[in-house]
Amino acid sequence: MTDQDPPNPSHLDPQDWGEARRAAHALLDACLDRMTQAADHAWTPMTPDDRAALALSDLGRGDAALAEDLARHVLPHGLGNTHPRFFGWVMGAGHLAGLMAEMTAATINANCGGWDHAQIEIEAQLMNWCRDIFGFGPEAGGLLVTGTSQATLYAVAAARLRALGDEIRAKGQGGAPLRGYAGASSHGCLAQAFELLGLGRDALRLVPETETETDTGPDLTVLAQMIAQDRADGALPFFLGGTAGRVQTGGFDDLSAMADFARQESLWFHVDGAFGAWTRLADAPWRDLSAGIERADSLACDFHKWISVPYAAGLLLLQDEALLRRCFAGRESYLAPASQGLAAAGNWPADLGFDLSRGPMALKIWAALKAYGPERLGAAISENCRLAALMGQEVAARAPMALARPVRSNICVFTADARLAPAAQSQLNQQISEALQLSGQAVFSTVALDGQIWLRAAVTNHRTKAEDVRAALQAVAHAAQTAKI
Ligand SMILES: *Cc1c(COP(=O)(O)O)cnc(C)c1O
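Computed from a predicted model, the values in this text were never measured in an experiment.

Participant: Just checking my understanding: could you explain the overall build of the protein for this structure?
Facilitator: If you tally the helices and strands in the protein, you get 15 helices and 13 strands. By the compact-globule yardstick of 23 Å for 485 residues, the protein fits well, its C-alpha radius of gyration being 25 Å. Overall size of the protein, expressed as C-alpha extent along the three principal axes, is 85 × 65 × 40 Å. Across the protein, contacts joining residues at least 24 apart in sequence account for 72% of those joining residues at least 6 apart. Of the roughly 22,700 Å² of accessible surface on the protein, 54% is carried by carbon and sulfur atoms. In the protein, 39 side chains carry a positive charge and 54 a negative one; their mean positions are 3 Å apart.

Participant: Explain the pairing of strand E8 (residues 298-302) here, please?
Facilitator: Put simply, side chains in a regular strand alternate between the two faces of the sheet. Of all 5 residues making up E8, 5 are buried, and the element is well covered by its neighbours. Burial along E8 is two-sided: Ser298, Ala300 and Asp302 facing one way and Leu299 and Cys301 facing the other are all buried. Sheet topology note: the strand E7 (residues 268-272)/E8 ladder contains 3 bridges and is parallel. Residue pairing across strands places His270 opposite Ser298, the latter belonging to E8. Pairing geometry for E8 and strand E9 (residues 314-318), over 5 bridges, is antiparallel. Each residue of the ladder has a partner; that of Cys301, found in E9, is Leu315.

Participant: Is there a simple way to explain the site of the ligand in this structure?
Facilitator: In the neighbourhood of the ligand, 13 residues make up the surrounding shell, with Ser149, Asp272, Asp302, His304 and Lys305 lying closest. Side-chain polar atom of Asp272 to a nitrogen atom of the ligand: 2.6 Å apart, as the coordinates give it. Take His304: an N or O atom from its side chain is 3.0 Å from an oxygen atom of the ligand. Looking at the shell around the ligand, its residues break down into 4 nonpolar, 6 polar and 3 charged.

Participant: Whenever I open this one, the environment of Val443 confuses me. Can you help?
Facilitator: Note on placement: Val443 falls in the loop between helix H14 (422-439) and strand E12 (445-449). C-alpha of Val443 to C-alpha of Phe87: the two residues are 356 residues apart in sequence and 5.3 Å apart in space. Contacts of Val443, omitting those with residues within four sequence positions, involve Arg85, Phe86, Phe87, Gly88, Trp89 and Gln437.

Each value, and the rule that gives it
Residues numbered from 1 in each chain as written. Predicted model: local features only at pLDDT ≥ 70, side-chain atom pairs only at ≥ 80, totals over all residues. Heavy atoms only, no water. Helix = DSSP H or I, 4+ residues; strand = E, 2+ residues; numbered from the N terminus. Rg over C-alpha atoms; globule rule 2.2 N^0.38 Å. Contact = heavy atoms within 4.5 Å. Areas by Shrake-Rupley, 256 points an atom, 1.4 Å probe, with all protein chains shown as cover. Lys, Arg positive; Asp, Glu negative; His and termini not counted. Charge placed at Lys NZ, Arg CZ, Asp CG, Glu CD. Buried < 20%, exposed > 50% of the residue type's maximum accessible area, 1.4 Å probe, protein only. Pairing = 2+ DSSP bridges. Near = heavy atom within 4 Å. Polar contact = N/O pair within 3.5 Å; in protein donor to acceptor, adjacent residues only side chain to side chain. Nonpolar A, V, L, I, M, F, W, Y, C, P; charged D, E, K, R; others polar.

This is the structure:
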């Protein structure tokens, strides 16, 4: 070989690493700039030109051109949830630890379904950490999943296996008339889990909710009657779903009372703690909202919401991890464990779920813990709750705005003008939500509650400050004055 020999790169590595490295460094700088200046970048709708720039044309131009495309055409068009006045739905805001972890994970490019490597070790350690944080017992364990929806599907599968036995893996559920129960405002992913597992959504019976001090929760007296009736009709009650952090209002079920109830009735007790479970890291009084979570048979929650880990990362935690293995284990012979080497690692996440090839979820969660620790993550969560309470006070002080419910955690639901009839309020609140999103001033989503549409803010962003709350409400007041209702 001489210096004049043509380079012989792989099909996909760069022809010129020097040029590619400069382009990648420039892209990293653009990412860091974007993150440092998150407060300057609200969601802005894409123009037709923006969309055209994303077209899958002019393909195969190499890494340096790609880096430029990413910086120019993708980075500016996020969802806006990195911005401090983004209060829509329930979303995480991201952080530098996540960026660094994703960069590292993409470099290693390890399959996290199993084998013996750092991220498998990290996932095992994370499960132990989660078990301790949520107060689960020594046999507890679980799996990192894409989110609460997937975790819920697996939790119902585990509950069903416990109820009907291991034979269902071979024979299916047959006509076993299983029944599950959850409050009427439970997240839709629970009914979807019943659908996907073939139980049918009607097998999930929605329990009427009654007013509690600050929110609503499933009426356990009515629930007891429903269960007695179902048993009398020959059905098999097996599952009770509770919610720690309702998307509609931020309310929490009384988890301890529900755990007692589930034990009396021999039901599997599952908790949807998608965001609310993380009040476990917060100060009093918010920490107490999730008291009793340690008594769940299964817990589903997300790292990509209140821990701000880059999407997607969720947790399924079971008191009896072995049940999950009984639901999913069964490696084919080409994946059989070995006595040493790469395949020796005993604990393969792939044995605990449906996916074999898995992405690098553990690393970005571990990174957040390593960089910030539970104290700082918890402080951000407490601060979000404080700011939601502040928003509640400000709403109450800005008549004709009015709250739908007292603020209990990090969600504030209100109307811009309580003097109007419900239908007019709905129209006004919807209009304001859309107008503020389009103007980039603030993002509120809406929620239907008590027969009308309300503005709804979920404060889950570690960048949000008191002045953001005040400015966003000022924008609402202004939009209400200029709205055409
Ligand atoms: C977001 C959310 C879900 C769904 O979780 P994903 O991570 O989006 O799958 C379920 N329940 C509650 C209460 C939620 O907030």
